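This is what each chain is made of:
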Amino acid sequence: MLSLRLIPLVLCALFLSACARSPVVQLYDGPAKSDSQVLTVRVPSEIEVFTINGKEVDGVNTFFATDFKELKLTPGRYEILAYYKELWQLDADNHDIVKTNPANFIVDGKAGEKWQLDYDKPANVEEARALEDAFTGQAINTTTGEKVAATESNLILKRGFLAPITGEEVSTAASESVAPQQAAAPAPATSASAPATQAAPAPATAGSYLDTLKAQWKQATPEERREFLQWIAE
């Protein structure tokens, strides 16, 4: 269970959703191709991808302004290890983050096809908690209507690691994008000639900082609060 007392730790998270992002995630090398040339896999926002073909993929679980994200892949067969994660509001001050063990979704698609990861959405937090050890679903080819049931992974998700049902931790492959991303340019060095007498800004007092956080929380939309609480629970 999550308390609002944690909010002062990360004020900046409230502003993450202010930046509109495209829900399209390109996972192949080179320039963007038309949908007729690639395989599209739509993933609901409540589903987080842990690995694709055994590799962790950067940028797949970014928060978007939509209730889904679209993965653009080269045609072929993919094993997508994914789990359910959602924030449930219990009352005005308390929330609960429900995270399940992963299921293995199989997608074997051709160029131009569109698939969707699907699952039975829980109606309340009790139903969501029941999924923690028994999450499943299916991959649906929305072009042909084909449905492929997800298989149990027999793994549990714990603090960024996958472990078998025996509880022994097993490290996954190092984080790697399906389509390697260009390394970011190094930040420019700080000028050594900056005046040494320049005064640093005075830090805000604890009281004023907390008041600011409370005000920001009241002004945040339900979606911003949801994203914020999910972020600090990771």
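About the thresholds
- Residues numbered from 1 in each chain as written.
- Predicted model: local features only at pLDDT ≥ 70, side-chain atom pairs only at ≥ 80, totals over all residues.
- Heavy atoms only, no water.
- Helix = DSSP H or I, 4+ residues; strand = E, 2+ residues; numbered from the N terminus.
- Buried < 20%, exposed > 50% of the residue type's maximum accessible area, 1.4 Å probe, protein only.
- Contact = heavy atoms within 4.5 Å.
- Areas by Shrake-Rupley, 256 points an atom, 1.4 Å probe, with all protein chains shown as cover.
- Core = buried A, V, L, I, M, F, W, Y, C linked by side-chain atoms within 4.5 Å.
- Pairing = 2+ DSSP bridges.
- Axes fitted to C-alpha atoms, helices over the stretch in contact; angles between N-to-C directions.

Go over the overall build of the chain, please, and point to the residues and values.
For the chain, the helix and strand inventory stands at 3 helices and 14 strands. Classification of the 234 residues of the chain by burial places 37% in the buried group. Here the contacts in the chain between residues at least 6 apart in sequence split such that 73% fall between residues at least 24 apart. Of the roughly 13700 Å² of accessible surface on the chain, a fraction of 53% belongs to carbon and sulfur atoms.

Can you explain the nonpolar core? Please cite residues and give values.
Core analysis: the biggest nonpolar cluster contains 29 residues, and Val41, Leu71 and Ile80 have the highest contact counts within it. No other element matches strand β6 (residues 76-89), which puts 5 residues into this core. Among all residues touching Ile80, those that are not within four sequence positions of it are Val41, Val49, Thr51, Ile52, Ala103, Asn104, Phe105, Val107 and Leu117.

Explain the sheet that holds strand β5 (residues 68-73) residue by residue, including any values.
If you walk across this open sheet you meet the 6 strands as β2-β5-β3-β9-β10-β11, and the pairing is mixed. The strands lining the two open edges of the sheet, one partner per strand, are β2 (24-26) and β11 (147-149). On average, adjacent strands in this sheet sit at an angle of 20° to one another, irrespective of strand direction. With 6 bridges connecting them, strand β3 (residues 39-44) and β5 associate as antiparallel partners. Each bridged residue has a counterpart across the sheet, and for Leu39 the counterpart in β5 is Leu73.

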